[in-house]
Amino acid sequence: MSALLSVRGLKAFYGPIEALHGVDFEVEQGGVTALLGANGAGKTTTLRALSAMIRREGVIEFRGEPMRARAPEDVARLGVAHVPDGRGTFTDLTVEENLKLGAYIRRDRAKVKTDFERVFGYFPRLAERLRQQAGTLSGGEQQMLAISRALLLAPSLLLLDEPSFGLAPLVVAEIFRILRQINQSEGVSILIVEQNANLALDLATRAYVLETGRVVVGGAAVDIRADDSVRRAYLGY
Amino acid sequence: MASRLAWGLAVVFAASAPFWMSGYHLYQGAQVLIYAIALLGLNLLTGYNGQLSLGHGAFFAIGGYGASILIVKLGLPYYVAIPLASAVCFVAGFLFGFPALRFGGLYLALATFALAVATPQLLAFKRLDFLTGGSEGLHVPKPGPLLGLPLSVDQSVYWLCLAVAIALFAIAANLLRGRVGRALVAIRDHPIAAESMGVDAALYKTICFGISAFYAGVAGGLDAIAVGFVSPESFGLALSLAFLVGIVIGGLASLGGVIFGALFIEFVPNYADQLTVYFGENAKALPGAVYGVMMIAMMAVAPMGIAGLFRSLAQRLRKA
Amino acid sequence: MVELLHQLSSGLALGGVYAITALALVMIFQATQLVNFAQGEMAMFSTYVAWALLQNGWNYWPAFAFTVALSFVGGVVIERAIVRPFAHAPILASVIVFIGLGFIFNALAGFFFGYTVQSFDTPFNGRPWFGAKFMSAHESGAIVVSLIVLALVFAFFRFTPLGLAMRAAAQNPASARLVGVRVGWMLALGWGLAAAIGAIAGMMAAPIVYLDPNMMGGILLYAFAGAVLGGIDNPWGAVLGGFTVGVVENLLGAYVVGTEVKLSVALIIIVGVLVAKPSGLFGRRIVARV
């Protein structure tokens, strides 16, 4: 399998402070890569750097070409959809408006319409709440909204930042079931950041463990899962 | 040390002015000192404490009108009238500072802007005509010779302004050097930290507003006797904004800077007036244009003002 | 009674001007948490441009359209060139820059067009469209124009993708960028719109208050009062506030305080609202769950 996204020596900065010290990883075409690690390891920072939300250095190749995009809006236009931590809900807008924004850069109207239907197929609850102010949705619904908004960009790569955060186990299970479906039936590649390693490794084909801004272990998800010492040392279960 | 020397030279220079300057120039010198006092007050509030006032012309007006009314209607001497009027300004500023606490930042700018725009109308309010002279304004007698010395009116006014300015600068410098100054700056830069370290921000901010208004009031009172006349139009938005220009040009949070600022707002309109010879009536637009461009330019290249430029220049020279 | 209705309707006419000016202020506030103190001077300058065109024999509506378009472009350029560099500066610096901008426009108007008070044409002549007994043709026209502007702005934000993107950019810029919205341009567009609305406000006000470089000072103040009264983060509250201030100011001016001190009505409204209910009458409480 070829790499959709290949990252080498990625450094990222908050102001003058270097928060990532040269990270290497890949996302395969049609694959799911999980970034694991404790709080503050640099997982969210990695996603932000990929989306050019913060200053970054290093080589990022997307679809075999160096990613030249310098701003988040340009990264989005390459087909990279980012579900940020905190879900990025436009709380004062309606659910429908949030979804429309997901498709903001697309000009293929007919296809957008079918994508709306597809998204409602995954999350029927959103269809019922179209006119509701998005800020009034429950946490789980907001996560569904965020994923739907990202899907409406028709991305080839989906960046997910802790989709399980703060949600009830049943809701998490449902969301991960749908993420698997999105990956497998639609061929959308996924880069997922999770604290809940077990959950993420279930979904992922590759996984990397980060610690204080560096990759300490990386490889096929099954191997990481099977490696007891890695599990104990870094994933804490 | 160097700065103390500079201050000393400046004082000697300023004090000697009446010996080699006369008439109109001395009058302009007094105006510069008066503006410097008002700018000092505004800078205490805006530069040091971070509270934005677009309406200090109103306190200047209260000082000017207050002193004039006390002198003209009650026959008080100016050295009683001006302190009394300034005390009224302190109270007015303190009271305005109270609601200001609740809506700091931008809202304070809005409220003081409203104050500045409304002031001329309030001063011309018909039912207060018997006190204020309405839109006609009030004529104020100029003060007699200072301390009974054989001095001209201009000399007396100038030295009076200089003495008051020196005293008020000294007070401000002392205030800022100590605990109070640190508290004011801490409230500006780290409001939450200041509170948690036990600084009563509300009290400091309202008192700072009061002191700032007091300075503006003293300046207004001196202005009234220096000009010999007060009228509503001279205390409009333009005056309040000129004060803001003054502290921006001179340097926010700079004591020495207010002197540059005062020179600037006194002489730029003056020189522009002379240019009407070449450009016709429309040259009246020039001071505004210079103010506007300077304000934006200062924010872009020298947020610390002219005084800040001098300071960094001096540091560079010392290092070299 | 007729007199009262007359005061009421002329209050509504200026109220419309305050309302759209307040709307323009709120648009910028929502996107940047800043109030553009130069809004009035920019509008005044636009009005002078229209006046100059009319003096040169243009017909009213072409001059109107050209002025609005030019103001829009001017607003965009000012945002990109002058306001943008201070995006991360403290509030104090931004306000100083706005005041500086105001000085510059005031000076430009004085320099190019002089300080003489000018009368300004109205396109509305003959019989008023409604309320014939109580208002002039221009007043009825100004009210209609204000309402059309409000309807257009509402429709733009509510029904167009660009309007939606602007709202998104104002509300959650980081998230808006992630879906591909060019947030920087949205801000510039907001300034363009605000400048265009300001131009219309100026052209509607000028026949009533007459044209001179300081004509917008009072209007801006009333618009501030309207925005604060309605809630400075709520466009429709600000619009309602603007109309309310127009009527209240006119009635108090005519019957209570006298026209000479009308401006202090705005001062009292601003200070009063900020003391009693800083969020304004319709300041929103956002309902959010996590």
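Residues numbered from 1 in each chain as written. Chains lettered and ligands numbered in written order. Predicted model: local features only at pLDDT ≥ 70, side-chain atom pairs only at ≥ 80, totals over all residues. Heavy atoms only, no water.

Student: How do you make sense of the packing of helix α5 (residues 106–123) of chain B against helix α11 (residues 263–276) of chain C when you look at a structure like this?
Tutor: When two helices pack together, their arrangement is given by the angle between their axes and by how far apart the axes lie. It is the contact of α5 of chain B with α11 of chain C, at a shortest axis distance of 8 Å, that shows an interaxial angle of 150°. As far as their axial angle goes, α11 of chain C and α5 of chain B are roughly antiparallel. In the packing of α5 of chain B onto α11 of chain C, the handedness of the crossing is left-handed. Along the contact surface, α5 of chain B presents Tyr107, Leu110, Ala111, Ala114, Leu115, Val117, Ala118, Gln121 and Leu122 of chain B, while α11 of chain C presents Leu263, Ser264, Leu267, Ile270, Val271 and Leu274 of chain C. The residue inventory of the contact of α5 of chain B with α11 of chain C, partitioned by class, reads 13 nonpolar, two polar and no charged. (Axes fitted to C-alpha atoms, helices over the stretch in contact; angles between N-to-C directions. Helix = DSSP H or I, 4+ residues; strand = E, 2+ residues; numbered from the N terminus. Parallel < 35°, antiparallel > 145°, perpendicular 65-115°, else oblique. Left-handed = near helix turned anticlockwise from the far one by under 90°. Contact = heavy atoms within 4.5 Å. Nonpolar A, V, L, I, M, F, W, Y, C, P; charged D, E, K, R; others polar.)

Student: What exactly am I supposed to notice about the sheet that holds strand β1 (residues 3–14) of chain A here?
Tutor: The strands making up a sheet are joined through hydrogen bonds of the backbone, oriented either antiparallel or parallel. Residues and elements named next belong to chain A. The antiparallel open sheet is built from four strands, whose spatial order is β2-β1-β4-β5. For this open sheet the edge positions go to β2 (17–28) and β5 (65–66), each flanked by a neighbour on one side alone. Pairing analysis gives nine bridges linking β1 to β2, with the strands arranged antiparallel. Bridged to Val7 within β2 is Phe25. Lying over the sheet, helix α1 (residues 43–50) contacts β1, β2 and β4 (55–62), oriented at roughly 105° with respect to β1. (Pairing = 2+ DSSP bridges.)

Student: What should I look at first to understand the arrangement of the chains in this one?
Tutor: The interface with the most contacts, out of two pairs of chains in contact, is the one formed by chains B and C. In this assembly chain A lies apart from chain B, the nearest approach of their C-alpha atoms being 19 Å.

Student: Honestly, a nonpolar patch on the surface in this entry has me stumped. Any pointers?
Tutor: A surface patch of nonpolar side chains, amounting to about 740 Å² of accessible area, comprises Leu275, Val277, Tyr278 and Phe279 of chain B together with Leu108, Phe111 and Phe112 of chain C. You can see Phe111 of chain C is positioned in helix α4 (residues 91–113). (Patch = residues over 30% accessible without salt bridge, like charges linked within 9 Å, V, L, I, M, F, W, Y side chains within 5 Å. Areas by Shrake-Rupley, 256 points an atom, 1.4 Å probe, with all protein chains shown as cover. Salt bridge = Lys/Arg side-chain N within 4 Å of Asp/Glu carboxyl O.)

Student: Just checking my understanding: could you explain the pairing of strand β6 (residues 80–83) of chain A for this structure?
Tutor: Regular strands have side chains that alternate between both faces of the sheet. Residues and elements named next belong to chain A. With burial as the criterion, each face of β6 is covered, one bearing Val80 and His82 and the other bearing Ala81 and Val83. Two elements, β6 and strand β7 (residues 157–161), share four bridges in a ladder whose sense is parallel. In the strand pairing of β7, His82 is matched with Leu159. (Buried < 20%, exposed > 50% of the residue type's maximum accessible area, 1.4 Å probe, protein only.)

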